[in-house]
Amino acid sequence: MILILMGVFISLSFTSAQIKDNVCCEQTKTGFYCLNVQSSECKEGARQLPTSCESTSYCKKGICYDSNEGSCVDNTPQLVCNANEGMWSETVPAQCNLGCCILGDQAAFVTLVRCKKLSGFLGLQTYFNKGITSEVQCVMTAIGQEKGACVYDFEFERTCRMTTRYECTQGEGDKKGEFFVGKLCSAEELATNCGPTKETTCLAGRDEVYFKDSCGNAANIYDSSKLVDKNYWTNMKTKLESCNSNVANGNSGSCGNCDYLGGSYCREVSSSTGKASYGNYICADLNCKKTQNGKDYNHGASWCVNDDKGTINKGDNSVGSKFFKHICINGEEVLESCAEFRQEECIEDKLVTAKGELSQAACRVNRWQDCTAQTEKIDCENTDRRDCLWKPGADLPALKIVAEAEDYGGGVCLPKNTPGLKFWEGDEAQTYCAQANTQCIVTITKDLFGEEKGQPKNKECLEDAWEQEKAGICMNLGDCGPHINWIGDKGYKSGYNKTTSKYSED
Amino acid sequence: MQKNYKESILCKNMSLNKKGQMTIFIIVAVVIVLALLFLFLFRKNIPSLFESGLNPNEYLKQCVEPEVKPSVEILADNAGYQEPQAFVLSEGKKIQYLCYTNNYYETCTVQQPLTKKNFEKELNLMVKPRANRCMKNLIAEYEKRGYEVSSEKIDSEVSVIPGKVLIRFNTPLIVTKEITNKYSGFNVEMESEIYDLLFIAQSIVEYESTYGDSASELYLQYYPNLKIEKTKMSDGTTIYKLSNVITKEEFKFASRSLAWPAGYGTDQIKEAK
């Protein structure tokens, strides 16, 4: 009996990393602070200890507090903070405790010092409430304040400003006045020197365009039909009571009821916005029209775009391809690439809001690393743990995932989005791709006269289909095998070797 | 009768008005002629505002502004550093890292926690010499125009505040020429939205150091005029370009946090070791 054994194989070679001792260096020659590097990379005279930076006193991370601005930054090494005249603390210092800072009819959830600073910038009294422990509660407190007209005498004239009851009655010096809740300064009954105008204005922290009275105060939301409406210039109207409150009013010349979440915001008129019937401000449309994928998106929406050649989520991404997240910012489509070598993938979902659906995308880590170690379909497809796909019937002989193995689960587990490899340098790519090496022994039995006896065992291994299937698994691993690149061009080489040899003859 | 009486009274008043007007015109004309004569003869000794035409605040603003704007731009282009130390090269430009790790799979260590403070420090280094020179020039200008000037040590300070770059000239001046004007100092303001960009950068650095990345959309909720552009490089570095869509001001910096190697990264780990 004669046995002819043939095989296709690539040898594996593993390398072990040589680990050298590092030091925690206070400052490197390249100017970085607190890095674990080789001793020779440390700047002359800089402190260095053969330990992790976290274990040193000078590079230990903590909170850096800026007493001038009242801001706190975490994860700052002690020496970096001190060098910048900050106050370093291992744990959160009391100065970094947040509270609610009321700034007129606005609010900020900040530290006390920051609150003082912001109030100072706005010329307001500091109103800080440390009892409020969440940002939402803080914002609600500001919204819930009574607002109205504050009438006071200034330079022998009865004038007025729009503010909160607190600012009006507790304000400093001659800014104290009589408060009229819900009234506008232009109200005739207040008998002030403020009256209606055709001018409009934008307010800090507000989306909408507002009418402006002759004293420069913001009145109600701009509505061209209410220009001479006495009631509209007398009583404060809510956003819902104002024009077209259910839409964003982007580039509307007649209604200034802008809605930032809906994609419009108060801006000065320009060639791109068109003109307002009155005044120089308009609800500028911030949404993106006809983006790269042909769809329209709202300002702040983000979505995934994969226009590289090849496919995604099917285990055959093209070489050099990567994921992109697109964001609509102020009417402009801005691209953000996810990590190189497809170490991140773009994921997308929709948020359901009162204004409709809002697409949101993010670059998320591609968890392909332990795919080939999974032998069961259920583990392979566990999306809580990894991003892999199950290929039934396939095998990876180099990893002993073969039909004959005891723990063979009926297929192999491969990355859903294949990792990119630096195949042009180093030997990792070769080692990694070698996981797809396979050897098939075809057994042909001949009789004494040299005639083939029966069907050869594994004869299909000699066929093109077998070769293509194995090359496919090769590609499913990463930048291995006969891939195309991200613009769709094939490589100059086949991407794999097939060796057919006579194994032995008895 | 009644009507006629009223009319006659009216006519009488009108004739009186005409005479009065004439008198006023003559007086005004004489005053103007005398004033012009006085100005012409004694103009060197008159310490009037319109004669000197020198508005100290405006003078200082015009003098210092050409230095401030380019300096802000240079610093903003380099994360607040005149000469970046720890940087990455992007399109031939050095971009300073504000947060960095040389390892894979780990978040970065903050390299500059107080972005605004550092920006002001560097801006002072760039602008102060010019600002002090401007102050000296102002004094010289006053002296040239015949004023007696008394001043203390010349000093200035640049700070960044919301919506502005503020240059404080902390030099009290006493300017005398018949009358004395006292100035405790001068403040020159220039519109700039760099303050917000600096604090956003600081916040992003904190995000990067905690989570390894930041979400641009989060900042858009709070800052309608903000545009964030992130460029990822093959070594895991992210270059941030923050800009104000209205003023077009920009602030650039780099961060390397939670970087991933190609494949399992055994080659890179070997290199790093």
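Residues numbered from 1 in each chain as written. Chains lettered and ligands numbered in written order. Predicted model: local features only at pLDDT ≥ 70, side-chain atom pairs only at ≥ 80, totals over all residues.

**Q** Could you give me a rundown of the overall build of chain A, with the residues and numbers involved?
**A** Within chain A, the regular secondary structure consists of 7 helices and 26 strands. Its C-alpha atoms give chain A principal-axis dimensions of roughly 125 × 60 × 40 Å. When burial is assessed residue by residue, chain A has 40% of its 506 residues classed as buried. A sequence separation of at least 24 residues applies to 51% of the contacts in chain A between residues at least 6 apart. (Helix = DSSP H or I, 4+ residues; strand = E, 2+ residues; numbered from the N terminus. Buried ≥ 20, exposed ≤ 12 C-beta atoms within 10 Å, placed from the backbone. Contact = placed C-beta atoms within 7 Å.)

**Q** Tell me about the overall build of chain B, and name the residues and values.
**A** Helices and strands together make up the secondary structure of chain B, namely 7 helices and 12 strands. Expressed as a percentage of the 273 residues in chain B, the buried residues total 37%. The contacts in chain B between residues at least 6 apart in sequence include a share of 60% that link residues at least 24 apart.

**Q** For the domain arrangement of chain A, give the residues involved together with the corresponding values.
**A** In terms of domains, chain A is made up of domain 1 (2-13 + 368-477), domain 2 (49-96), domain 3 (146-285) and domain 4 (302-365). The distance between the C-alpha centroids of domain 2 of chain A and domain 4 of chain A comes to 36 Å. (Domains from an automatic or database assignment.)

**Q** Please provide a residue-by-residue account of the packing of helix 3 (residues 56-77) of chain B against helix 4 (residues 115-144) of chain B, values included.
**A** Residue and element names in this part refer to chain B. Axis separation between helix 3 and helix 4 bottoms out at 9 Å; the angle between their running directions is 155°. Looking at the two axes, helix 3 sits roughly antiparallel to helix 4. For helix 3 against helix 4, the interelement crossing comes out right-handed. Along its contact with helix 3, which presents Pro56, Tyr59, Leu60, Cys63, Val64, Glu67, Val68, Ser71, Val72 and Leu75, the element helix 4 presents Phe119, Glu122, Leu123, Met126, Val127, Arg130, Ala131, Cys134, Asn137, Leu138 and Glu141. (Axes fitted to C-alpha atoms, helices over the stretch in contact; angles between N-to-C directions. Parallel < 35°, antiparallel > 145°, perpendicular 65-115°, else oblique. Left-handed = near helix turned anticlockwise from the far one by under 90°.)

**Q** Give a description of the sheet that holds strand 7 (residues 173-177) of chain B that names residues and reports values.
**A** Residues and elements named next belong to chain B. Pairing is antiparallel across the open sheet formed by 3 strands, whose spatial order is 4-7-8. The sheet is open, and its two borders are formed by strand 4 (148-151) and strand 8 (179-183), each paired with just one other strand. In this sheet, neighbouring strand axes are inclined to one another by 15° on average, regardless of whether the strands run parallel or antiparallel. Here strand 7 runs beside strand 8; their pairing, made up of 5 bridges, is antiparallel. Bridge pairing in strand 8 links Ile174 to Lys182. (Pairing = 2+ DSSP bridges.)

**Q** Summarise the environment of Glu106(B); cite the residues concerned and give the values.
**A** Residues and elements named next belong to chain B. In this fold, Glu106 is placed in the loop between strand 2 (93-100) and strand 3 (109-110). Classification of Glu106 by C-beta neighbours within 10 Å gives partly exposed; the count is 13. C-alpha of Glu106 to C-alpha of Trp260: the two residues are 154 residues apart in sequence and 9.1 Å apart in space. Contact partners of Glu106, with chain neighbours within four places excluded, come to Thr101 and Leu258.

**Q** So, the pairing of strand 3 (residues 33-37) of chain A: which residues are in play, and what are the values?
**A** Residues and elements named next belong to chain A. The buried count for strand 3 comes to 4 of 5 residues, which makes it a mostly enclosed element. The sheet contact formed by strand 2 (residues 23-27) and strand 3 spans 4 bridges and is antiparallel. Looking at strand 3, one finds that Val23 is bridged to Val37. Joining the antiparallel neighbours strand 2 and strand 3 is a turn of 5 residues, in which Gly31 adopts a positive phi near 95°.

**Q** I'd love a proper account of the confidence of the model for chain A, names of residues and values included.
**A** Regions with low pLDDT should not have their predicted coordinates read in detail. Residues of chain A with pLDDT of at least 70 account for 94%, and the chain-wide mean is 89. Between residues 1-19 of chain A, whose pLDDT stays under 50, and residues either more than four places distant or in other chains, the model counts 56 contacts. (pLDDT = per-residue confidence, 0-100.)

**Q** Talk me through the interface of chain A and chain B; I want residue IDs and the actual numbers.
**A** At the junction of the two partners, chain A supplies 53 residues and chain B supplies 39 residues. By residue number, the principal contributor to the side of chain A that touches chain B is strand 6 (residues 71-77) of chain A, which donates 6 residues. Class assignment for the residues of the side of chain A that touches chain B results in 24 nonpolar, 19 polar and 10 charged. (Nonpolar A, V, L, I, M, F, W, Y, C, P; charged D, E, K, R; others polar.)

**Q** Residues and numbers for the sheet that holds strand 6 (residues 164-169) of chain B, please.
**A** Residues and elements named next belong to chain B. Spatially, the 3 strands line up as an open sheet ordered 5-6-9, and their pairing is antiparallel. Among the strands making up the open sheet, the edge pair consists of strand 5 (156-161) and strand 9 (186-191). Averaged over all neighbouring strand pairs, the angle between strand axes comes to 20°, with direction disregarded. Pairing geometry for strand 5 and strand 6, over 6 bridges, is antiparallel. In the sheet register, Ser156 faces strand 6, and the bridge partner there is Phe169.

**Q** Got a sec to walk through the packing of helix 4 of chain B against helix 5 (residues 194-211) of chain B? Specific residues and values, please.
**A** Residues and elements named next belong to chain B. Relative to each other, helix 4 and helix 5 sit at 135°, their axes nearing to 8 Å. Between helix 4 and helix 5, the interaxial angle falls into the category oblique. Packed against helix 4, whose contacting residues are Thr115, Lys116 and Phe119, the element helix 5 presents Leu198, Phe199, Ala201 and Gln202 at the interface. Counted by class, the contact of helix 4 with helix 5 contains 4 nonpolar, 2 polar and 1 charged residues.

**Q** Please set out the confidence of the model for chain B residue by residue, giving values where relevant.
**A** All names here are of chain B. Here chain B averages 85 in pLDDT, and 84% of its residues register 70 or above. Confidence, read as mean pLDDT per element, is least for helix 2 (residues 49-52) in chain B (45) and greatest for strand 12 (residues 250-256) (97). Low pLDDT, under 50, characterises residues 1-16; the stretch is placed with 0 contacts to residues that sit more than four places away or in other chains. pLDDT under 50 marks residues 43-51. Its contacts with residues more than four places away, or in other chains, come to 7 contacts. Among the prediction metrics, the complex's ipTM stands at 0.86, with pTM recorded as 0.84.

**Q** Summarise unusual backbone geometry; cite the residues concerned and give the values.
**A** Residue and element names in this part refer to chain A. Although it is not a glycine, Lys290 sits at a positive phi angle of roughly 45°. Counting through the fold element by element, Lys290 comes out in the loop between strand 18 (281-285) and strand 19 (302-305). Phi is positive for Asn458, close to 60°, though the residue is something other than glycine. With respect to the element layout, Asn458 can be found in the loop between strand 26 (444-446) and helix 7 (464-477). Looking at Asn458, the number of C-beta atoms within 10 Å reads 15, which means it is partly exposed.

**Q** Could you give me a rundown of the environment of Leu197(B), with the residues and numbers involved?
**A** All names here are of chain B. Its location among the elements puts Leu197 in helix 5. Judged by local crowding, Leu197 falls into the buried class, with 25 C-beta atoms found within 10 Å. Filtering out sequence-adjacent residues up to four positions away, Leu197 remains in contact with Leu242, Asn244, Glu249 and Phe251.

**Q** So what about helix 4 of chain B? Which residues, and what values?
**A** Residue and element names in this part refer to chain B. Compared with the 44 Å implied by 1.5 Å per residue over 30 residues, the 42 Å span of helix 4 between its first and last C-alpha is a close match. In helix 4, a bend of some 45° at Val127 exceeds every other bend along the element, and Pro129, a proline, comes one to four places later. At the exit of helix 4 stands Gly146, carrying a positive phi of roughly 90°. (Expected span 1.5 Å × (residues − 1). Bend = angle between axes of the 7 residues up to and from the residue.)

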